[in-house]
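Residues per chain, in single letters:
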Amino acid sequence: MRDKVMLKWLWLSLLAVILDQASKLAIAGSMQLYESIQIMPFFKLTYVHNTGAAFSFLSEAGGWQRWFFAGLAVVISAVIAVWLTRLKKHETLLAVALALVLGGAVGNLIDRLAYGYVIDFLDVYYDSWHWPAFNIADSAITLGVMLMLAESFGLGHPKEPV
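If you're wondering where the values come from, they're calculated on a predicted model, not measured in any experiment.

Q: How should the overall build of the chain be read in this particular structure?
A: If you tally the helices and strands in the chain, you get four helices and four strands. When the helices and strands of the chain are placed in sequence order, the string is α-β-β-α-α-β-β-α. Expressed as a percentage of its 162 residues, the buried residues of the chain come to 40%. Taking as baseline every contact in the chain between residues at least 6 positions apart, the subset at least 24 positions apart corresponds to 66%. Accessible surface computed for the chain: about 9700 Å², of which carbon and sulfur atoms make up 70%.

Q: Honestly, the environment of I37 in this entry has me stumped. Any pointers?
A: By the secondary structure assignment, I37 is in strand β1 (residues 36-40). In this structure I37 comes out as partly exposed when scored by relative accessible area, which is 36%. The spacing of I37 and D123 is 86 residues in sequence and 9.7 Å in space, taken between C-alpha atoms. In this structure, I37 is in contact with M31, K44 and L45, ignoring residues within four places of it in sequence.

Q: I tried to follow the pattern of salt bridges on my own but got confused; where do I start?
A: Close approach of charged atoms lets side chains of opposite charge pair. Under the defined criterion, the tally for this structure stands at two salt bridges. Between K24 and D20 there is a salt bridge whose closest N-O contact spans 2.8 Å. In this pair, K24 and D20 are both assigned in helix α1 (residues 2-30), four residues apart and thus about one turn of the helix distant. The exposure class of D20 is buried, given its relative accessible area of 0%. A salt bridge links K24 to D111; the shortest N-O distance between them is 3.0 Å. With a gap of 87 residues between them, K24 in helix α1 and D111 in helix α3 (residues 92-115) connect regions that are remote in the sequence. Accessibility expressed as a relative area gives 0% for D111, which makes it buried. Here the salt bridges share partners, and the residues they tie into one network are D20, K24 and D111.

Q: Quick question: what am I supposed to make of the packing of aromatic side chains here?
A: Describing an aromatic ring pair means giving the distance of the ring centres and the angle of the ring planes. Overall, the coordinates contain three aromatic pairs when judged by the stated rule. Centre to centre, the rings of Y115 and Y117 are 5.6 Å apart; their planes meet at 25°, and the pair counts as stacked. Judged by its relative accessible area of 34%, Y115 falls in the partly exposed class. The aromatic ring of Y125 is capped on one face by K44, whose charged end is 5.3 Å from the ring centroid.

Q: Could you clarify how one ought to interpret the pairing of strand β3 (residues 118-126) in this entry?
A: The buried count for β3 comes to seven of nine residues, which makes it a mostly enclosed element. Sheet topology places strand β2 (residues 43-50) next to β3; six bridges connect them, and they run antiparallel. Within the sheet, the bridge partner assigned to F43 lies in β3 and is V124. In the sheet, β3 pairs with strand β4 (residues 129-130) via two bridges, with the strands oriented antiparallel. Bridge assignment links Y126 to a residue of β4, and that residue is W129. Between β3 and β4, which pair antiparallel in sequence order, lie two residues; one of them, D127, sits at a positive phi of approximately 55°.

So, how was this worked out
Residues numbered from 1 in each chain as written. Predicted model: local features only at pLDDT ≥ 70, side-chain atom pairs only at ≥ 80, totals over all residues. Heavy atoms only, no water. Helix = DSSP H or I, 4+ residues; strand = E, 2+ residues; numbered from the N terminus. Buried < 20%, exposed > 50% of the residue type's maximum accessible area, 1.4 Å probe, protein only. Contact = heavy atoms within 4.5 Å. Areas by Shrake-Rupley, 256 points an atom, 1.4 Å probe, with all protein chains shown as cover. Salt bridge = Lys/Arg side-chain N within 4 Å of Asp/Glu carboxyl O. Phe/Tyr/Trp six-rings, centres within 6.5 Å; stacked < 30°, edge-to-face > 60°. Lys NZ or Arg CZ within 6 Å of the ring centre and 35° of its normal. Pairing = 2+ DSSP bridges.

These results come straight from atomic positions and should not be treated as a statement about function.
Shown next as structure tokens:
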């Protein structure tokens, strides 16, 4: 019965992977590396390669980080998959959160294995301050973690009778 809880939310992981990979292929196929397209006064599409982790952490490490981050993504994905199978039926918000993190991790893992880097292209900024470029997978991971935090503070828990 518990396995059905996991299977019920894997479509969300798959959706995150599909949207992530389709958007990256569209960017890589239509833009030159480092090209930017202004979308709004605070947002551009900027095509970059990230060989590191979040915020380009370890991007200049010499290549070993590709396999380290790929291995880490595989381990985290396996842990999340097992965690999903152990959720109870009422833990819907946590299942959604974990499914999003799983989809994001797999989306970026595909890039690391296929190219040796992650394709980033969402560029949010204000004046001369730029948030590091990111992608749909990063967004899914961030949303999933935010939902996990909300769930840990009681959001999505059944109300107890008074």
